[in-house]
Amino acid sequence: MIKKRPVLRRWATVAALAALTPITLAACGGSSGGEDSSGSGSVDSLTVLDYYTDDPGHSDIGKQLSQCGTSVGVKKVVHQSVPGPTLIQKVLQQASSKSLPDVLMLDNPDIQQIAQTGALAPLDDFGINADGYAPGPKAAATYQGKLYGLQPGANTIVIFYNKDILSKAHVKPPKTWDELKTAAKKLTVGKQYGFAFNATADYEGAWQFLPPMWTNGGDETNLTTPQVAEALQLWKDLVDDGSASKSVINWSQADVNDQFVAGKAAMMLNGPWQIPTLTAKKVNFGVVPFPVNKEGQTSVAPLGGEAWTVPMTGDKAKMAKAADLVKCMNTDANQLLRAKQGGVIPTKIKVAQQFKQEDPSMAGFVDAVATARARTGKLGPKWPDTAKTIYTGMQLVLTGRAEPADAMAKAQAGG
Amino acid sequence: MSQAQLAARGREASPSAPTGPTGSRRWRHWREEIAKTLFVVPAAFAIVVLFGYPVVKNLTMSFQEYTIRTFFTGEAPWVGLTNYVTVISEELFTKTVINTALFTVGSIVGQFIIGMLLALFFHRHFPLHGVLRALFLLPWLIPLIVGSAAWRAILEQDSGILNVTLAVFGIDPVPWLTSPDVALLAIILVNIWLGIPFNLTLLYSGLQDIPDELYEAGALDGATGWRAFWNITWPNLRAVVSVVLMLGVVYTLKVLDIILGLTHGGPANATQTIATQSYQRSFVEFKFGEGAALSNILIVISLAFAVVYLRATRRQVDE
Amino acid sequence: MTALAESRISRTGDEQRRHRRHLMVRHTKNWIRMGLGIIFLIGMLFPVYWMLNISLQGSGTTLTSSVFPLHPDFAGYRTAIADQGGHLLTSLIIAIGTVVVTLVIAAPCAYALAQFRFRWISWALLAILISQMIPGIVIANALYALYQRLDLLDSIPGLIIANAANAIPFGILIMRSFMLGVPPSIVEAARVDGAGRLRAFLSIVVPISRNSLITVGLFSFLFAWSDFVFALTLTTKGTIVPVTLGIYTYLGAHVANWSPVMATAVLASIPAIILLIIAQRYIAAGAVGGAVK
């Protein structure tokens, strides 16, 4: 009919226009919008992105950043912090819209993956090197021979034990796996578990499994070896005989600390970032490195901590200043300051020794960090896939869905 | 005026009545059509501009090899159906689909029935009924991260308040979040809890829109209680019920944060759903192509329900 | 029957006694209902109670608090009030803005899709439904790109638009299903009397649809209030911080201090729940019935 067609045609035009909008946006979105200036002269401000959202960390880092800003000749440092798990998402959004920050903090296992995409500037270009650093931080930040990040502080995980509980039960801090198992069993009394660790289905759980795996000689490049199976067996034994709660597959490291503080666990596997809480709650704790399985083995723990990197923003002047800022955050004085603020160990060997002298209670951590191993040391950007296999296999064992001998194989197959 | 007279006059003046092809009539007809379209234009514009791009991008991304590299270099090679084949042929896929089905059905049935019963309960006005109904919305006011922390504490196997309460009745501690067999049930229960305010509020509003006169007339004919519900309430509530169920299904299929907050998809992948897997692929493993493929599969499933809903609502309009 | 009508009826003595007993039974029933209502609410709100409980226990741990806050400690609240006051206001402004924008845009569309006979209604509904199937993160990422070009990042209007965009399709679907029940004859009567479509809509349809408008307004408020994804994605400078983002001041990458987090959540709920209680009062019965008469 005549009346219907004009209406239809008009409506078709509206619809077509409406449909074109997102397609044009899709075409334009993500392509250049960026500031590709090689810039000259003075730099007014630098943007910094990290995940230190909570205080006092946020203000401590903020102060350090602005002091460094002044010392490198930048008037203003804009400091933005986002929740930990959302950092990389933020980085990706900013990358595709060409709005990356001038200085980017990255958790050390992520550095090589981001460097591989070409988003980070090699620090060698700015005359920065990692001489005098412990081997772990250096390995984590190196991709294809070039250094991409500088990490001022490191941490790792060790066994914390409650001195009061252990002395009352006449138990000595364990040095071997057998000692760990017997101690944990003996300390499991009433509502108190002997040992608590984190075995969640995420990268945190994988990280916590690395001490037994590496100490026993297992390697992340080949997970289906008997050494890895024995490590799995240790975790399984601890849960099976009741020394560790079945809830470990759901507890984060923060939850594990809560259990320890409340006296519900006599020993725990955790890191120095918990020390401020432990001292605040007046827990009388001691630390020992993760026990070894057989004689002759050395305790190996994974390297934690974050590094400062310089993204490729295209603004040469800003990038140069950013590199200066990264260098400033890594000076001996700043490394020591950061360590004293609590929770990290200086990564420069000499500074770490100085720190050990000034604060003997941290000796255990200093030694552990000196030998700490980077997760991405061998696998580089391929680490996340392996981490997923590790935590999947671990969960299969702890839920009884697989035996330690074939759990990793099953996890690799996608179980 | 009686209803019939009103209707008759309305039909006479209705601009959609067929008229002769005279100029002024056609112009008025056009003006009518434009006026009617203008009701819809702002919403249409908002939806197309703000949702059009994500929908299109999600679709195209699923056919590309879209990784972390793409964000920096812009390269995303076309790989056709590879992503779909990869995700479907994984061992975990069947389990994920089953979990999704169980999770959705369990949540919807629980939420709807409890929401409906509560809406009927609140339908009678008793003291404080308004305040109580408003307070039922409190679970939605709490940031989800806080809610999941509270639930993790409650469902804790050793010391959580739920097991402590059950122990009083002589029940052994239930491994709510730590056993692959029970974990799915636990998150279904928490999701039901989350969904009750939604169902309660909407169904209650729907009940309020049913005129009291219908009930009074029904009571005169002897229809009370269950008969009144079946013959008066239910037919009048059908439009609201279908939209509540429809949206319930769509939203439940998307549920993500509460599962991640409670179990991370574990233990041993016992609580992985298509939504959590899609998130895992995209934002943890940075395989965005595969993540998009999974979320498109989810959209296709939702579309099936959407088509059912559209048929039902068209029938209602025609009635 | 209304109370007024009842009182006008004259009764015999017997009838009066029966009537009084009837009223007493009804009153008792009402009090029983209220009691039951409170019990249901307690069951439903136990996690909220737990949150309150932890906020009052300075220990700050979720796994080890006792069941009752025997020694309430307001340190968490002091911290929360000091830090989060501005954030609460930001959240409130964004949420209220979202309600307004959502209702203004969605209501006319819902009415049109309910009452006008377009040929493409099913397609429109399908498009709206599809928009609800997209995961929030995907939308947020796309919006980030768009906002960057339009310079809408770190702005309150930007967040209002984003949250409203999320709520509009929902609002259209809900209000449409309610508006299906509006008798077209009423609107036609107004049009016959000379009112334009817009005026007919505003003066006839809107009052009748009060219940659905308030309900959609409620949910738009709640969506915006509890939104985290847009708040995180669409802000970069830390100048605009809704409270869902603000609580991360206490939640670090490795350590979590739950006491001020819970205190913030409790404080944030108070103004919101007051608004919700007020709004609930307006969801009254018989809006449609009265208009038809």
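Residues numbered from 1 in each chain as written. Chains lettered and ligands numbered in written order. Predicted model: local features only at pLDDT ≥ 70, side-chain atom pairs only at ≥ 80, totals over all residues.

1. Remarks on the overall build of chain A
Next, step 1: Summing up its helical and strand segments, chain A has 18 helices and 13 strands in all.
Next, step 2: Here chain A holds 415 residues, and 53% of them are scored as buried. (Helix = DSSP H or I, 4+ residues; strand = E, 2+ residues; numbered from the N terminus. Buried ≥ 20, exposed ≤ 12 C-beta atoms within 10 Å, placed from the backbone.)

2. Observations concerning the overall build of chain B
Next, step 1: Helices and strands together make up the secondary structure of chain B, namely 15 helices and 0 strands.
Next, step 2: In terms of overall size, chain B is more extended than a compact globule, its C-alpha atoms giving a radius of gyration of 25 Å where 319 residues would be expected to give roughly 20 Å.
Next, step 3: Each of the 319 residues in chain B was classed as buried or not, and the buried ones make up 47%.
Next, step 4: Of the contacts formed within chain B by residues at least 6 apart in sequence, a portion of 65% connects residues at least 24 apart. (Rg over C-alpha atoms; globule rule 2.2 N^0.38 Å. Contact = placed C-beta atoms within 7 Å.)

3. A few points about the sheet that holds strand β3 (residues 103-107) of chain A
Residues and elements named next belong to chain A.
Next, step 1: One open sheet accounts for 5 strands, arranged β2-β1-β3-β12-β6; its pairing is mixed. In this open sheet, the two edge strands, each paired with only one partner strand, are β2 (76-81) and β6 (149-150).
Next, step 2: As defined by bridge partners, strand β1 (residues 45-50) adjoins β2 across 6 bridges and the pair is classed as parallel. Residue pairing across strands places Ser45 opposite Lys76, the latter belonging to β2.
Next, step 3: Strands β1, β3, β6 and β12 (306-309) of the sheet are contacted by helix α12 (residues 316-329), whose axis makes an angle of about 55° with β1. (Pairing = 2+ DSSP bridges. Axes fitted to C-alpha atoms, helices over the stretch in contact; angles between N-to-C directions.)

4. Examining the pairing of β2 of chain A
Next, step 1: Across the two faces of β2 of chain A the burial differs, with Val77, His79 and Ser81 of chain A buried and Lys76, Val78 and Gln80 of chain A not buried at all.
Next, step 2: Of the crossover connections in this fold, the one passing from β1 of chain A over helix α2 (residues 57-72) of chain A to the parallel β2 of chain A is right-handed. (Right-handed = clockwise from strand over helix to strand, strands pointing away.)

5. Concerning the interface of chain C and chain B
Many analyses report the size of an interface as the accessible area lost when the parts associate.
Next, step 1: Between chain C and chain B, the residue contacts involve 86 residues of the former and 80 residues of the latter.
Next, step 2: Top contributing element to the side of chain C that touches chain B by residue count: helix α13 (residues 258-281) of chain C, with 11 residues.
Next, step 3: Looking at side-chain class alone, the side of chain C that touches chain B contains 63 nonpolar, 18 polar and 5 charged residues. (Nonpolar A, V, L, I, M, F, W, Y, C, P; charged D, E, K, R; others polar.)

6. Observations concerning the domain arrangement of chain A
Residue and element names in this part refer to chain A.
Next, step 1: Here the domain parsing of chain A yields domain 1 (45-155 + 304-374) and domain 2 (158-301 + 379-412).
Next, step 2: Taken residue by residue, the interface counts 16 residues in domain 1 and 16 residues in domain 2.
Next, step 3: Here the residues of the side of domain 1 that touches domain 2 are counted per class, giving 6 nonpolar, 9 polar and 1 charged. (Domains from an automatic or database assignment.)

7. Observations regarding the pairing of β1 of chain A
Residues and elements named next belong to chain A.
Next, step 1: Burial analysis of β1 places 5 of its 6 residues in the buried class, the great majority of the element.
Next, step 2: Across 2 bridges, the pairing between β1 and β3 is parallel. Bridge assignment links Leu49 to a residue of β3, and that residue is Leu104.

8. Concerning the interface of chain A and chain B
Next, step 1: Contact with chain A, which involves 34 residues of that partner, is made by 35 residues of chain B.
Next, step 2: Taken together, the elements giving at least two residues each to the side of chain A that touches chain B come down to α1 (4-28), α3 (87-96) and α17 (383-398) of chain A.
Next, step 3: Each residue belonging to the side of chain A that touches chain B can be placed in one class, and the counts come to 15 nonpolar, 15 polar and 4 charged.

9. Quick word on α13 of chain C
Next, step 1: Taking 1.5 Å per residue, 24 residues should reach 34 Å; α13 of chain C reaches 34 Å between its end C-alpha atoms and fits that length.
Next, step 2: If you look at α13 of chain C, its biggest bend is around 30°, right at Ile270 of chain C, and the proline Pro271 of chain C turns up within four residues after that. (Expected span 1.5 Å × (residues − 1). Bend = angle between axes of the 7 residues up to and from the residue.)

10. Quick word on unusual backbone geometry
Next, step 1: Residue Pro56 of chain A follows Asp55 of chain A across a cis peptide bond; omega there is 5°.
Next, step 2: Of note, Pro56 of chain A is situated in the loop between β1 and α2.
Next, step 3: Residues other than glycine seldom take positive phi values, yet Phe286 of chain B does so here, at roughly 60°.
Next, step 4: Its place among the elements puts Phe286 of chain B in the loop between α14 (274-284) and α15 (288-318).

11. Things to note about the confidence of the model for chain B
Residues and elements named next belong to chain B.
Next, step 1: This prediction gives chain B a mean pLDDT of 85; 92% of its residues lie at or above 70.
Next, step 2: The element-level mean pLDDT for chain B is lowest in helix α1 (residues 3-13), coming to 45, with helix α5 (residues 91-123) highest at 92.
Next, step 3: Contacts of residues 1-20 to residues separated by more than four positions or lying in other chains number 21 contacts, the stretch itself having pLDDT below 50.
Next, step 4: Interface predicted TM-score (ipTM) for the complex: 0.83; the corresponding pTM is 0.85. (pLDDT = per-residue confidence, 0-100.)

12. Section: the sheet that holds strand β10 (residues 265-270) of chain A
All names here are of chain A.
Next, step 1: In space, the 4 strands of this open sheet follow the order β9-β10-β8-β11, with mixed pairing throughout. In the strand order of this sheet, the two ends are held by β9 (193-196) and β11 (285-288), each with one partner. Across this sheet, the average inter-strand angle for adjacent strands is 20°, counted without regard to direction.
Next, step 2: As judged from the 4 bridges shared by strand β8 (residues 158-162) and β11, these two strands associate in the antiparallel manner. Residue pairing in the sheet places Asn162 in a bridge with Phe285 of β11.
Next, step 3: Helix α7 (residues 177-187) contacts β9 and β10 of the sheet and is inclined by roughly 130° relative to β9.

13. Things to note about the packing of helix α5 (residues 121-133) of chain C against helix α7 (residues 156-179) of chain C
Residue and element names in this part refer to chain C.
Next, step 1: Between α5 and α7, whose axes approach to 9 Å, the crossing angle comes to 130°. Between α5 and α7, the interaxial angle falls into the category oblique. Judged by the twist between their axes, the crossing of α5 over α7 is left-handed. Note on element contacts: α7 touches α5 through Pro169, Phe170, Ile172 and Leu173, opposite Ile128, Ser131 and Gln132.
Next, step 2: In terms of residue class, the contact of α5 with α7 is built from 5 nonpolar, 2 polar and no charged. (Parallel < 35°, antiparallel > 145°, perpendicular 65-115°, else oblique. Left-handed = near helix turned anticlockwise from the far one by under 90°.)

14. What to know about the environment of Val105 of chain B
Residues and elements named next belong to chain B.
Next, step 1: With respect to the helices and strands, Val105 occurs in helix α5.
Next, step 2: By the C-beta count within 10 Å, which is 13 here, Val105 ends up partly exposed.
Next, step 3: Placed 83 residues apart in sequence, Val105 and Ile188 show a C-alpha to C-alpha distance of 9.3 Å.

15. Some thoughts on α7 of chain C
Next, step 1: Of all the bends in α7 of chain C, the greatest, near 30°, is centred on Ala167 of chain C, and the proline Pro169 of chain C appears no more than four residues after it.
Next, step 2: Counted residue by residue, α7 of chain C has 22 buried out of 24 residues, so it is predominantly covered.

16. Details of the packing of helix α8 (residues 203-215) of chain A against helix α9 (residues 226-240) of chain A
All names here are of chain A.
Next, step 1: Following both chains from N to C, one finds α8 and α9 inclined at 125°, their axes separated by 8 Å at the closest point. Relative to α9, the element α8 is oriented oblique. Here the hand of the crossing between α8 and α9 comes out right-handed. Here α8 contributes Phe209, Pro212 and Met213 to the contact with α9, which in turn contributes Val228, Ala231, Leu234 and Trp235.
Next, step 2: Split by residue class, the contact of α8 with α9 holds 7 nonpolar, no polar and no charged.

17. Some details on the environment of His29 of chain B
All names here are of chain B.
Next, step 1: Position of His29 relative to the elements: it lies in helix α2 (residues 23-61).
Next, step 2: Classification of His29 by C-beta neighbours within 10 Å gives partly exposed; the count is 17.
Next, step 3: When the C-alpha positions of His29 and Phe288 are compared, they lie 49 Å apart, and in sequence the two are 259 residues distant.

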